[in-house]
Amino acid sequence: MRIDIMTLFPDMCNSVLGESIIGRAREAGKVEINCIDIRSYTDDKHRRVDDKPYGGGMGMVMQAQPIYDCFNSLCEKLGKRPHLIYMTPQGKTLTQERVKQLSKLDNIAILCGHYEGVDERVIEELEPEEISVGDYVLTGGELPALILADSVSRMLPGVLSDDECFTEESHFNSLLEYPQYTHPAKWKDREVPEVLLSGHHANIDMWRRKQSLKRTKQRRPDLLEKAELSEKDKIYLLSEE
């Protein structure tokens, strides 16, 4: 997969994406992520990409022309139009299900807004998918773009050591993950559940499933409506009422 992030701060994005699991995946060629500087496409000799909003108001608005030319240049380089996503608090909230769907695509381009956003006309022209990472506002779209790039990249083959690294995680199957423990077996008078020390894999799997169901019911009962539950799962949830 190739991911292109169109941003005013490519160094900021590269510094994060060059670290840890995603950084190693990029080096190994498991995913290609490029950070494109929108300023390189402005017609302004001072590399200006924003201006005051019509109608007055605080802040600045990113101009349509640099964004449009940046995306067109990318399309020409690829020889096709990648799936374009605009990170905005007005978009649909990102879910694990959408992440799974996006991970099946060959090319994704992510537009990072800044200041008071971008000129609406370029949104109308390019018609991107609009995605939000939550009901709050940040200073720019870079952090949300990094979240999206990370969440999609880790779903790709070979990025994580095993598929179980994400298939048992919170939200993958509309359930929250079970509690995790590591050494030592006792810490501040708190002990690791005995079943996890038993070596009995069937019992461990059963315990983890029940803990996942219990935690989801307590913390995010809304997720249970979308989860695939067995008859045993349903009986267990009823016993917890």
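The following refers to the structure shown. Bear in mind the structure is a predicted one, so any value in this text is a computation, not a measurement.

1. What about helix α3 (residues 64–78)?
Thinking step 1. Helix length check: α3, at 15 residues, gives a terminal C-alpha distance of 21 Å against a target of 21 Å (1.5 Å per residue), a fit within 8%.
Thinking step 2. Looking only at α3, the buried set comprises Pro66, Ile67, Cys70, Phe71, Leu74 and Cys75.
Thinking step 3. Summarising the contacts, the buried residues of α3 are in contact with β1 (2–7), β2 (32–37), β4 (61–62), β5 (83–93), β6 (107–112) and α5 (120–126).
Thinking step 4. Of the residues one or two after α3, Gly79 is the one with positive phi, at around 80°.

2. Some points on the environment of Val61
Thinking step 1. Residue position: Val61 is located in strand β4.
Thinking step 2. It is 46 Å that separates the C-alpha atoms of Val61 and Lys214, two residues lying 153 residues apart in sequence.
Thinking step 3. Setting aside residues up to four positions removed in sequence, Val61 forms contacts with Val49, Asp50, Asp51, Pro53, Glu116, Gly117, Val118 and Asp119.

3. Observations concerning the nonpolar core
Thinking step 1. Counting residues in hydrophobic clusters, the biggest one holds 26 residues, and the most contacted among them are Ile3, Ile5, Leu17, Ile110 and Leu148.
Thinking step 2. Elements represented by at least two residues in this core include exactly β1, α1 (10–17), α2 (20–27), β2, β5, α4 (96–102), β6 and α6 (142–153).
Thinking step 3. Per-element accounting of this core gives the leading share, five residues, to α6.
Thinking step 4. Not counting chain neighbours up to four residues away, the residues in contact with Ile110 comprise Ile3, Asp4, Ile5, Met6, Ile85, Met87, Ala145, Leu148 and Ala149.
Thinking step 5. If you look at the next biggest cluster of nonpolar residues, it comprises 19 residues, including Leu8, Ile36, Cys70 and Leu84.

4. Some points on the state of the cysteines
Thinking step 1. Applying the stated criterion to the full structure yields zero disulfides.
Thinking step 2. Here Cys75 stays unpaired: no disulfide links it, and the sulfur of Cys70, its closest cysteine neighbor, is 9.7 Å away.
Thinking step 3. No disulfide involves Cys112; its sulfur sits 5.2 Å from that of Cys13, the nearest cysteine.

What counts, and at which threshold
- Residues numbered from 1 in each chain as written.
- Predicted model: local features only at pLDDT ≥ 70, side-chain atom pairs only at ≥ 80, totals over all residues.
- Heavy atoms only, no water.
- Helix = DSSP H or I, 4+ residues; strand = E, 2+ residues; numbered from the N terminus.
- Expected span 1.5 Å × (residues − 1).
- Buried < 20%, exposed > 50% of the residue type's maximum accessible area, 1.4 Å probe, protein only.
- Contact = heavy atoms within 4.5 Å.
- Core = buried A, V, L, I, M, F, W, Y, C linked by side-chain atoms within 4.5 Å.
- Disulfide = S-S within 2.5 Å.

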